[in-house]
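# Architecture and fold: a report
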Amino acid sequence: MLIKEVPLEDVWQMRYTIMYPETSLAYVKLPKDDAGKHYGLYDRRELMSVVSVFWEEGKLQFRKFCTRVDQQGKGYGSALLKYLFEELILKHSVSAVWCNARTTAISIYERFGMTKTDQTYQKDGWDFVIMEKRLAD
């Protein structure tokens with residue numbers, strides 16, 4: 001397996017195919033995508049999982065984390081999150097990491113020490129909760 005930065009075009013295609021196939025490719029493009037870093041996990045040169053990372057005010061936010069549907073449950077997403085927590089966070093001085101988690105994915109993030117906040121919302125028919133992990137005060 002190899003984890004490296006991924007071209008935005010590949011990230012957008014994964015987001016569209018996996019997360020929002022009922023929309024359009026334009027829908028999955030975030031206004032601040034150009035300000036972030038985008039990482040992917042490759043296995044045998046095939047892109048299996050992606051995540052977009054943004055730094056702001058000493059905190060790291062990851063967004064649009066997804067793994068190919070036909071490859072879910074094989075550890076690719078966990079390996080990418082492990083890289084995020086062990087490599088990226090250590091290289092950058094951040095006080096916390098957070099994400100907008102679909103409520104169906106809470107257990108994945110809890111395995112990495114993230115906890116639910118009391119901030120919830122709905123979007124596109126999905127229920128979300130903001131999850132975070134404080135690293136320093």
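The preceding data block contains the structure.
Notes on the structure in this doc start here. Remember, it's a predicted structure, so these values are computed and weren't measured experimentally. (Residues numbered from 1 in each chain as written. Predicted model: local features only at pLDDT ≥ 70, side-chain atom pairs only at ≥ 80, totals over all residues. Heavy atoms only, no water.)

## Structural notes on the overall build of the protein
- Per the secondary structure count, the protein includes 3 helices and 7 strands.
- Along its sequence from the N terminus, the protein presents helices and strands in the succession β-α-β-β-β-α-β-α-β-β.
- Rg of the C-alpha trace for the protein: 14 Å, near the compact-globule value of 14 Å for 137 residues, within the 12% margin.
- Along the three orthogonal principal directions, the C-alpha set of the protein runs to about 40 × 35 × 30 Å.
- Scored against the burial criterion, the 137 residues of the protein give a buried share of 45%.
- Across the protein, the fraction of contacts at a sequence separation of at least 24, relative to all contacts at a separation of at least 6, is 57%.
- Per element, the accessible surface of the protein, about 8000 Å² overall, is 49% carbon and sulfur.
- The distance from the centre of the 20 positive side-chain charges to the centre of the 19 negative ones in the protein is 3 Å. (Helix = DSSP H or I, 4+ residues; strand = E, 2+ residues; numbered from the N terminus. Rg over C-alpha atoms; globule rule 2.2 N^0.38 Å. Buried < 20%, exposed > 50% of the residue type's maximum accessible area, 1.4 Å probe, protein only. Contact = heavy atoms within 4.5 Å. Areas by Shrake-Rupley, 256 points an atom, 1.4 Å probe, with all protein chains shown as cover. Lys, Arg positive; Asp, Glu negative; His and termini not counted. Charge placed at Lys NZ, Arg CZ, Asp CG, Glu CD.)

## Here we look at the nonpolar core
- In terms of nonpolar packing, the biggest core is built from 23 residues, with Phe-62, Leu-84, Phe-85, Tyr-109 and Met-131 touching the most fellow members.
- Those elements that provide at least two residues to this core are β3 (46-56), β4 (59-67), α2 (76-91), β5 (96-102), α3 (106-110) and β7 (126-134).
- If sequence neighbours within four positions are ignored, Tyr-109 has contacts with Phe-62, Phe-65, Leu-81, Cys-99, Ala-101, Met-114 and Met-131. (Core = buried A, V, L, I, M, F, W, Y, C linked by side-chain atoms within 4.5 Å.)

## Focus: the environment of Tyr-16
- Among the secondary structure elements, Tyr-16 is positioned in helix α1 (residues 8-19).
- Look at Tyr-16 and you get partly exposed, because its relative accessible area is 25%.
- Taking the C-alpha atoms as reference, Tyr-16 lies 8.8 Å from Ala-26; in sequence the two are 10 residues apart.
- With sequence-adjacent residues up to four places away left out, Tyr-16 is seen in contact with Pro-21, Thr-23, Ser-24, Leu-25 and Val-28.

## Things to note about α1
- Between the first and last C-alpha of α1 there are 16 Å, a value that for 12 residues agrees with the 16 Å anticipated at 1.5 Å per step.
- Turning to α1, its buried residues number three or more, namely Leu-8, Val-11, Trp-12, Met-14, Arg-15, Ile-18 and Met-19. Buried residues in α1, looked at end-on, bunch into an arc of 160°, giving them a common side. (Expected span 1.5 Å × (residues − 1). Arc of directions from axis to C-beta.)

## A few points about the environment of Leu-80
- Here Leu-80 lies in helix α2.
- Between the C-alpha atoms of Leu-80 and Arg-134, which are 54 residues apart in sequence, the distance is 19 Å.
- Not counting the four nearest positions on each side in its chain, Leu-80 is found in contact with Ile-3, Tyr-39, Gly-40, Leu-41, Ser-49, Val-50, Val-51 and Phe-65.

## Description of the environment of Asp-10
- Here Asp-10 is to be found in helix α1.
- When its relative accessible area of 34% is taken as the criterion, Asp-10 is described as partly exposed.
- Note: C-alpha distance between Asp-10 and Val-50 (40 residues apart in sequence) is 9.0 Å.
- With sequence-adjacent residues up to four places away left out, Asp-10 is seen in contact with Tyr-42 and Leu-47.

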